[in-house]
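One-letter residues, chain by chain:
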2 protein chains.
Amino acid sequence: MKKSDKENTEEKIFNAAKKVFVRKGSDGARMQEIADEAGINKSLLHYYYRSKDKLFAAVFEFFASKFFPDIFNIFNSDDDIFIKFEKFIHAYIDMLSKNPFIPMFMLNEIKKGNASFAIKVISRAGVNIKAFEQLVEKEIKKGNIKNVNPKNLIINMLGLIIFPFISRPLFEVLIFDNNKNAVDEFLAQRKEEVSTLIINMLKPEKTLN
Amino acid sequence: MKKSDKENTEEKIFNAAKKVFVRKGSDGARMQEIADEAGINKSLLHYYYRSKDKLFAAVFEFFASKFFPDIFNIFNSDDDIFIKFEKFIHAYIDMLSKNPFIPMFMLNEIKKGNASFAIKVISRAGVNIKAFEQLVEKEIKKGNIKNVNPKNLIINMLGLIIFPFISRPLFEVLIFDNNKNAVDEFLAQRKEEVSTLIINMLKPEKTLN
DNA sequence: GTCTATAAATTGATAGAC
DNA sequence: GTCTATCAATTTATAGAC
């Protein structure tokens, strides 16, 4: 009884903290606001997490594990290279659709000085960029894809995937006249759009000349 | 004498404020840190700008005018459509190279609730997305470019341009092993990369089948 | 475990001397 | 215009009752 209650409160706090830290950032977030969001007393935050820093660290780690997901292991499968990219793009956009504010949160906090912390989480998650670059180079040699720069490819792909989520608050009003449904449709349709673009970047020329 | 001193101090404060607000955001920035950065006394900040909010507003407006620049008027010229895109991409990446932290700053502050403020600055700057969409549709009808979705085109282009700057703190260590020179070279080379990609998105198929 | 009350620290802002 | 000293408000954190 007591046990489950404890778990429950800790969970409430954690979920509330996720919301508030994402909304306001580590500096803008207030312990009182987190307590209100959780519907509990402020001092319980300290009872369970000791300090704001510790609570933030827990939230940061949670989001980091989502932002650098197992999804990267898609590239370790033995699918066709084009299928790998398509699967990755779809899976990542699906994740972001459920957690649209993660990229802004992560990149902003990393910029403010949590880069080294982030790197730990990344390596723990098994994200291996070098392996990705080698895979691309291998496929180029085999003639399966065009001779692209792997670093450009990564940045292009992640930019096409992530940027719409980061810039949503802006283009929602600037391009979509505040029509949130239209934006949701737009973002869902990005899965196909980005897949097509990346495939076109990779597909060898139909050597016709 | 007094006049030029005054201008000078105000300028010092403003420049210091730009640095600190970009580094820490509106919440994380401290008036003391701005004063230290400017090498002047803290109370002078209030003498010249009354409050932290007012100082922030000035900085925000300054960056907004850079983030939504005259550059968009490139699309009003009578250049060939491909030249327009190339000029825009080059000009915008050049600007970002000189002010690499503007996108993160702007998008983050807009997310935290300054969207309406941003919109005012945008319309004052004459940025007109609707006109851009119409231009694209016109060129499609003329058969000069492929039948692309204008909204996707904008987001693709801005993502490819802006995302590398937003994510630099991350990929600098993750992809470039902290080699800052390599990153600078990479970003400079993006002008050609993005131009090529956008042109490929727009160039009509060599209808061979 | 949860609450109230309060301490302790931080920080934006002002008063007033020069 | 610029400085020192200080206030007032906010906010994190703790003590202690239940």
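Within every chain, residues take consecutive numbers counted from 1 along the sequence as written. Note on labels: chains are lettered from A, ligands numbered from 1, in written order. pLDDT decides what is reported in this predicted model: residues at 70 or higher carry local features, side-chain atom pairs at 80 or more are listed and counted, and totals for whole chains, interfaces and linings draw on all residues regardless. Excluded from the side-chain calculation are hydrogens and water; included are all heavy atoms of the structure.

Asker: In this structure, what is going on with the overall build of chain A? I would like to understand it.
Answerer: Within chain A one finds 10 helices and zero strands. Helices and strands appear in chain A in the N-to-C order α-α-α-α-α-α-α-α-α-α. Each principal axis of the C-alpha distribution contributes one length, and for chain A these read about 75 × 40 × 35 Å. Partly exposed residues are those whose accessible area sits between 20% and 50% of the maximum for their type, while under 20% is buried and over 50% is exposed, using a 1.4 Å probe and protein chains only. Sorting the 209 residues of chain A into buried and exposed places 49% on the buried side. Helix numbering and strand numbering both begin at the N terminus, where a helix is a DSSP run of H or I of at least 4 residues and a strand a DSSP run of E of at least 2.

Asker: What exactly am I supposed to notice about the packing of aromatic side chains here?
Answerer: The geometry of an aromatic ring pair comes down to the distance between the two centres and the angle between the two planes. Residues and elements named next belong to chain B. Stacked, edge-to-face and tilted labels apply to pairs of Phe, Tyr and Trp rings (six-membered ring for Trp) whose centres lie within 6.5 Å, assigned for plane angles under 30 degrees, over 60, and everything in between, in that order. Considering all chains together, one arrives at 34 aromatic pairs over all chains under this definition. Plain terms: the ring middles of Phe60 and Phe105 are 6.4 Å apart, the flat faces sit at 50° to each other, and that makes the pair tilted. Placement of Phe60 in helix 4 (residues 52-67) and of Phe105 in helix 6 (residues 102-124) is noted, with a sequence separation of 45 residues between them. There is no split in this pair, since Phe60 and Phe105 are both buried.

Asker: Please clarify how helix 8 (residues 150-166) of chain A should be interpreted in this entry.
Answerer: For an α-helix the count is 3.6 residues per turn, leaving residues at separations of three or four pointing the same way. Residues and elements named next belong to chain A. Residue count minus one, scaled by 1.5 Å, sets the expected span of a helix. Between its terminal C-alpha atoms helix 8 stretches 23 Å, which fits the 24 Å expected from 17 residues at 1.5 Å a residue. Along its length, helix 8 reaches its greatest deviation from straightness, about 35°, at Leu160, and the proline Pro164 lies no more than four positions downstream. Among the 17 residues that make up helix 8, 16 are buried, leaving the element largely enclosed by the rest of the structure. We define the bend at any residue as the angle between the axes fitted to the seven residues before and including it, ending there, and the seven starting there.

Asker: Just checking my understanding: could you explain the interface of chain A and chain B for this structure?
Answerer: How big an interface is tends to be reported as the loss of accessible area on association of its parts. Of the residues lining the interface, 48 residues belong to chain A; the matching set on chain B comes to 48 residues. The term buried area means the drop in 1.4 Å probe accessible area that two parts suffer when joined, counted for both and summed. Carbon and sulfur atoms make up 73% of the surface buried where chain A meets chain B, a total of about 4400 Å² over both sides. Salt bridge, as used here: a side-chain nitrogen of Lys or Arg that lies within 4 Å of a carboxyl oxygen of Asp or Glu. Run the count over chain A and chain B and you get two salt bridges. Among the salt bridges present, the one from Lys130 of chain A reaches Asp177 of chain B, with a minimum N-O distance of 3.5 Å. Should any heavy atoms of two residues lie within 4.5 Å, those residues are counted as being in contact.

Asker: Can you walk me through the relation of the copies chain A and chain B in this structure?
Answerer: Mapping one chain copy onto the other needs a rotation about an axis and a shift along that axis. When the copies are overlaid, the least-squares fit takes in C-alpha atoms only where the residue has pLDDT of at least 70 in both copies. Structural alignment of chain A on chain B gives an RMSD of 0.1 Å, achieved by rotating through 180° and translating 0.0 Å along the axis. These values place the two chain copies in the arrangement generated by a two-fold rotation axis. The share of interface residues of chain A whose copies in chain B are also at the interface is 100%, consistent with both copies meeting through the same surface.

Asker: I'm lost on the packing of helix 10 (residues 180-202) of chain A against helix 8 (residues 150-166) of chain B in this one. Help?
Answerer: When two helices pack together, you describe them by how their axes are tilted relative to each other and by the distance separating the axes. The N-to-C vectors of helix 10 of chain A and helix 8 of chain B enclose an angle of 70°; their axes lie 11 Å apart at closest approach. Judged by the inter-axis angle, helix 10 of chain A sits roughly perpendicular to helix 8 of chain B. Judged by the twist between their axes, the crossing of helix 10 of chain A over helix 8 of chain B is right-handed. Residues Phe186, Gln189, Arg190, Glu193 and Leu197 of chain A of helix 10 of chain A lie in contact with helix 8 of chain B, whose contacting residues are Lys151, Asn152, Ile155 and Asn156 of chain B. Throughout, an axis means a line fitted to C-alpha atoms (over the contacting stretch in the case of helices), and angles, computed between N-to-C directions, take values from 0 to 180 degrees. These descriptions rest on fixed angle ranges, namely under 35 degrees for roughly parallel, over 145 for roughly antiparallel, 65 to 115 for roughly perpendicular, and the rest for oblique. Handedness of each helix crossing follows the sense of rotation of the near helix against the far helix: counterclockwise by less than a right angle gives left-handed, clockwise gives right-handed.

Asker: How should I be thinking about the pattern of salt bridges in this particular structure?
Answerer: Oppositely charged side chains can pair when the atoms bearing their charge come close. All names here are of chain A. Taken as a whole and assessed by the stated rule, the structure comprises 32 salt bridges over all chains. The partner of Lys151 in a salt bridge is Glu133, with the nearest N and O atoms 3.1 Å apart. Residue Lys151 is found in helix 8, and its partner Glu133 is found in helix 7 (residues 129-141); the two are separated by 18 residues along the sequence. Residue Glu133 is classed as buried on the basis of its relative accessible area of 9%. Note that Lys146 is salt-bridged to Glu205, the shortest N-O span being 3.6 Å. Of this pair, Lys146 sits in the loop between helix 7 and helix 8 while Glu205 is found in the segment after helix 10, placing the two residues 59 residues apart along the sequence. Take Lys146: its relative accessible area is 24%, and that puts it in the partly exposed class. Shared partners join several salt bridges into a network, and the residues in it are Lys19, Arg23, Lys24, Glu33 and Glu37.

Asker: Could you clarify how one ought to interpret the environment of Phe85 of chain A in this entry?
Answerer: Residues and elements named next belong to chain A. Relative to the helices and strands, Phe85 resides in helix 5 (residues 81-98). The sequence separation of Phe85 and Ser65 amounts to 20 residues, and the corresponding C-alpha distance is 20 Å. Discounting chain neighbours no more than four positions away, the residues touching Phe85 are Phe75, Phe132, Leu153, Met157, Ile198 and Leu202.

Asker: What's the story with the packing of helix 8 of chain A against helix 8 of chain B in this structure? I'm lost.
Answerer: Where helix 8 of chain A meets helix 8 of chain B, the axes come as close as 8 Å, and the angle between the chain directions of the two elements is 100°. Here helix 8 of chain B runs roughly perpendicular to helix 8 of chain A, going by the angle between their axes. Contact residues: helix 8 of chain A offers Ile155, Asn156, Leu158, Gly159, Leu160, Ile162, Phe163, Pro164 and Ile166 of chain A, while helix 8 of chain B offers Ile155, Asn156, Leu158, Gly159, Leu160, Ile162, Phe163, Pro164 and Ile166 of chain B. Of the residues in the contact of helix 8 of chain A with helix 8 of chain B, the class split is 14 nonpolar, four polar and no charged. Residues are grouped as follows: nonpolar covers Ala, Val, Leu, Ile, Met, Phe, Trp, Tyr, Cys and Pro; charged covers Asp, Glu, Lys and Arg; every other residue, Gly included, is treated as polar.

Asker: Can you help me understand the domain arrangement of chain A in this one?
Answerer: All names here are of chain A. Domains are outlined according to an automatic or database domain assignment. Domain annotation of chain A identifies domain 1 (2-59) and domain 2 (68-202). For domain 1 and domain 2, the distance between their C-alpha centroids amounts to 30 Å. At the boundary of domain 1 and domain 2, one finds one salt bridge. Ionic pairing is found between Lys112 and Asp27, a salt bridge with its closest N-O pair at 3.0 Å. Here a polar contact means two N or O atoms within 3.5 Å. Within protein one must be a hydrogen donor candidate and the other an acceptor candidate, and residues neighboring in sequence count only if both atoms are side-chain atoms. The interface formed by domain 1 and domain 2 includes three residue pairs in polar contact (both at pLDDT 80 or more). For the side of domain 1 that touches domain 2, the secondary-structure elements that each account for two or more residues are helix 1 (2-28) and helix 4 (52-67). The element contributing the most residues to the side of domain 1 that touches domain 2 is helix 1, with five residues. For the side of domain 1 that touches domain 2, the per-class residue count stands at five nonpolar, two polar and one charged.

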